[in-house]
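Results of the structural survey
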Amino acid sequence: MRVVIAEDAAVLRELLGQMLVERGHEICASVSDASTLRAAVAEHRPDVTVTDIRMPPTHTDEGLRAAIDIRRDHPGTGVLLFSQYVETKYATRLLAAGSAGVGYLLKDRVANIAEFTDALERVAAGGTALDPEVVTQLAGAGRRAEELAPLTEREREVLSLMAEGRSNAAIAQSLVVSAGTVEKHVAAVFDKLGLPASHDHNRRVLAVIRYLRG
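Residues numbered from 1 in each chain as written. Predicted model: local features only at pLDDT ≥ 70, side-chain atom pairs only at ≥ 80, totals over all residues. Heavy atoms only, no water.

Here we look at the overall build of the chain
Scanning the chain for helices and strands turns up 11 helices and six strands. For the chain, whose C-alpha radius of gyration is 17 Å, the value lies close to the compact-globule estimate of 17 Å for 214 residues. Overall size of the chain, expressed as C-alpha extent along the three principal axes, is 45 × 30 × 30 Å. A burial count over the chain gives 48% of its 214 residues as buried. Counted over contacts in the chain with a minimum sequence separation of 6, partners at least 24 positions apart contribute 66%. Counting 25 positive and 29 negative side-chain charges, the chain places the averaged centre of each group 5 Å from the other. (Helix = DSSP H or I, 4+ residues; strand = E, 2+ residues; numbered from the N terminus. Rg over C-alpha atoms; globule rule 2.2 N^0.38 Å. Buried < 20%, exposed > 50% of the residue type's maximum accessible area, 1.4 Å probe, protein only. Contact = heavy atoms within 4.5 Å. Lys, Arg positive; Asp, Glu negative; His and termini not counted. Charge placed at Lys NZ, Arg CZ, Asp CG, Glu CD.)

This is the structure we're talking about:
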């Protein structure tokens, strides 16, 4: 992958870059503020960018606003937000701009190198990668209980794992069931949420949006 990193903490920025280079990825640019991030993405057109939410000068939502701009201006570039905390209003704003090729992880996940790089690869490929804690809080904040009421407990578990960006095979492994069983649950979710038959990826994105935003 070709990656642009935006993080104002120099040590973490260098750590991320080194970690990704060691795994064969190219760091196109490594910057410390949102304005430079926008310029770097416009210049290098990376596969994906990793950006903190809070960056100079106000340390509020500069990274988020840059991420939304990038999704609008460079739809082929995936965006992975990462933050010290779960900030549901920011995650919702990012998803509102389109959930394909986006991710939101807590910074603690960086310690698990395999998990972090897997999430980044999913986002670069146009998928979704949401931290389980983000999924939990978003669902609790924005979900309409009546809309999801038809789903069984197991179907909700499957949908929650779909929201994290997991494939059917990964869901099967997590729930210790067969791939065929997961396929049946996913089909039931689509049916009960009234999602029309189309490409499975599109329906997965629609189901996730329905789950998180209600």
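Observations concerning the packing of aromatic side chains
Counting across every chain of the model gives zero aromatic pairs. A cation over an aromatic ring shows up here: Lys 107 above the ring of Phe 82, its NZ or CZ 5.3 Å from the ring centre. (Phe/Tyr/Trp six-rings, centres within 6.5 Å; stacked < 30°, edge-to-face > 60°. Lys NZ or Arg CZ within 6 Å of the ring centre and 35° of its normal.)

Remarks on the packing of helix H8 (residues 153-163) against helix H9 (residues 168-175)
Two quantities define a packed helix pair, namely the angle between the helix axes and the distance between the axes. It is at 10 Å that the axes of H8 and H9 come closest, and there the two elements cross at 125°. Taken together, H8 and H9 sit at an angle that is classed as oblique. Two packed elements cross with a definite hand, and for H8 against H9 that hand is right-handed. Contacts between H8 and H9 involve Arg 154, Glu 157, Val 158, Leu 161 and Met 162 on the former and, on the latter, Ile 171, Ser 174 and Leu 175. Per-class residue counts for the contact of H8 with H9 are five nonpolar, one polar and two charged. (Axes fitted to C-alpha atoms, helices over the stretch in contact; angles between N-to-C directions. Parallel < 35°, antiparallel > 145°, perpendicular 65-115°, else oblique. Left-handed = near helix turned anticlockwise from the far one by under 90°. Nonpolar A, V, L, I, M, F, W, Y, C, P; charged D, E, K, R; others polar.)

Some points on the packing of H9 against helix H10 (residues 179-192)
Where H9 meets H10, the axes come as close as 9 Å, and the angle between the chain directions of the two elements is 110°. Looking at the two axes, H9 sits roughly perpendicular to H10. Listed contacts from H10 to Asn 168, Ile 171 and Ala 172 of H9 are Ala 179, Val 182, Glu 183 and Val 186.

Digging into the UniProt feature "modified residue: 4-aspartylphosphate" (unreviewed entry) in the chain
Residues given the UniProt feature "modified residue: 4-aspartylphosphate" (unreviewed entry) here are Asp 52. You can see Asp 52 is positioned in strand E3 (residues 48-52). Asp 52 gets classed as buried once you look at its relative accessible area, which sits at 6%. Aside from chain neighbours lying at most four places away, what touches Asp 52 is Ala 6, Glu 7, Asp 8, Gly 63, Phe 82, Ser 83 and Lys 107. (UniProt positions renumbered as here; feature names shortened; annotations may be inferred.)

Here's the deal with the sheet that holds strand E1 (residues 2-6)
The strands making up a sheet associate through backbone hydrogen bonding, with each pair oriented either parallel or antiparallel. The strand order E2-E1-E3-E4-E5-E6 describes an open sheet built from six strands, whose pairing is parallel. Of all the strands in the sheet, just strand E2 (26-31) and strand E6 (128-130) have a single pairing partner and so form its edges. The mean inter-strand angle of the sheet, taken between neighbouring strand axes irrespective of direction, is 20°. The sheet contact formed by strand E5 (residues 102-106) and E6 spans three bridges and is parallel. (Pairing = 2+ DSSP bridges.)

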